[in-house]
Amino acid sequence: FQPSADGRPSLSFAGVDHLTLDHQGRLWIRSERGDLDLFDPRTESFTNFSRRPDYRRLVGGRGLSRFCVDRQSRLWAI
């Protein structure tokens, strides 16, 4: 999967820094730039959290440094 220039949900950035599998079988992806994406292999679809205004407001321009997913598939971010 490659980033999409047309703005449709895809991998935000080709340089992947961290991958975490949650208990629902989804893949949480942090890019080298700190972007956060969620990939659902059942539907082969992406959710780009770092493109959302609320994510940008909370995380700012610095991007996400670390994260983990708990047993209820809740995201914990630093």
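Here, the structure is the one placed above.
(A) Main features of the environment of Ser-12. Along the chain, Ser-12 turns up in the segment before strand 1 (16-21). The class of Ser-12 is buried, set by a relative accessible area of 10%. In contact with Ser-12, other than residues within four places in its own chain, are Pro-3, Arg-33, Asp-35, Asp-37, Asn-48, Ser-50 and Arg-51. A distance of 3.3 Å separates a polar atom in the side chain of Ser-12 from a polar atom in the side chain of Asn-48.

(B) Spotlight on the sheet that holds strand 2 (residues 27-31). Pairing is antiparallel in the open sheet, where four strands are placed in the order 1-2-3-4. Both outer strands of the open sheet, strand 1 and strand 4 (45-48), are each paired with one neighbouring strand and no more. The average angle at which neighbouring strand axes cross in this sheet is 25°, direction not considered. Sheet analysis places strand 1 next to strand 2, joined by five bridges and oriented antiparallel. Considered in strand 2, the bridge of Leu-21 is made with Leu-27.

(C) Seen up close, the nonpolar core. Counting residues in each nonpolar core, the largest one holds eight residues, listed as Trp-28, Leu-36, Leu-38, Tyr-55, Val-59, Leu-64, Phe-67 and Val-69. Of all elements in the fold, only strand 3 (36-40), helix 1 (53-59) and strand 5 (67-69) reach the threshold of two or more residues within this core. Aside from chain neighbours lying at most four places away, what touches Phe-67 is His-18, Thr-20, Trp-28, Ile-29, Arg-30, Leu-36, Leu-75, Trp-76 and Ala-77.

Conventions adopted
Residues numbered from 1 in each chain as written. Predicted model: local features only at pLDDT ≥ 70, side-chain atom pairs only at ≥ 80, totals over all residues. Heavy atoms only, no water. Helix = DSSP H or I, 4+ residues; strand = E, 2+ residues; numbered from the N terminus. Buried < 20%, exposed > 50% of the residue type's maximum accessible area, 1.4 Å probe, protein only. Contact = heavy atoms within 4.5 Å. Polar contact = N/O pair within 3.5 Å; in protein donor to acceptor, adjacent residues only side chain to side chain. Pairing = 2+ DSSP bridges. Axes fitted to C-alpha atoms, helices over the stretch in contact; angles between N-to-C directions. Core = buried A, V, L, I, M, F, W, Y, C linked by side-chain atoms within 4.5 Å.

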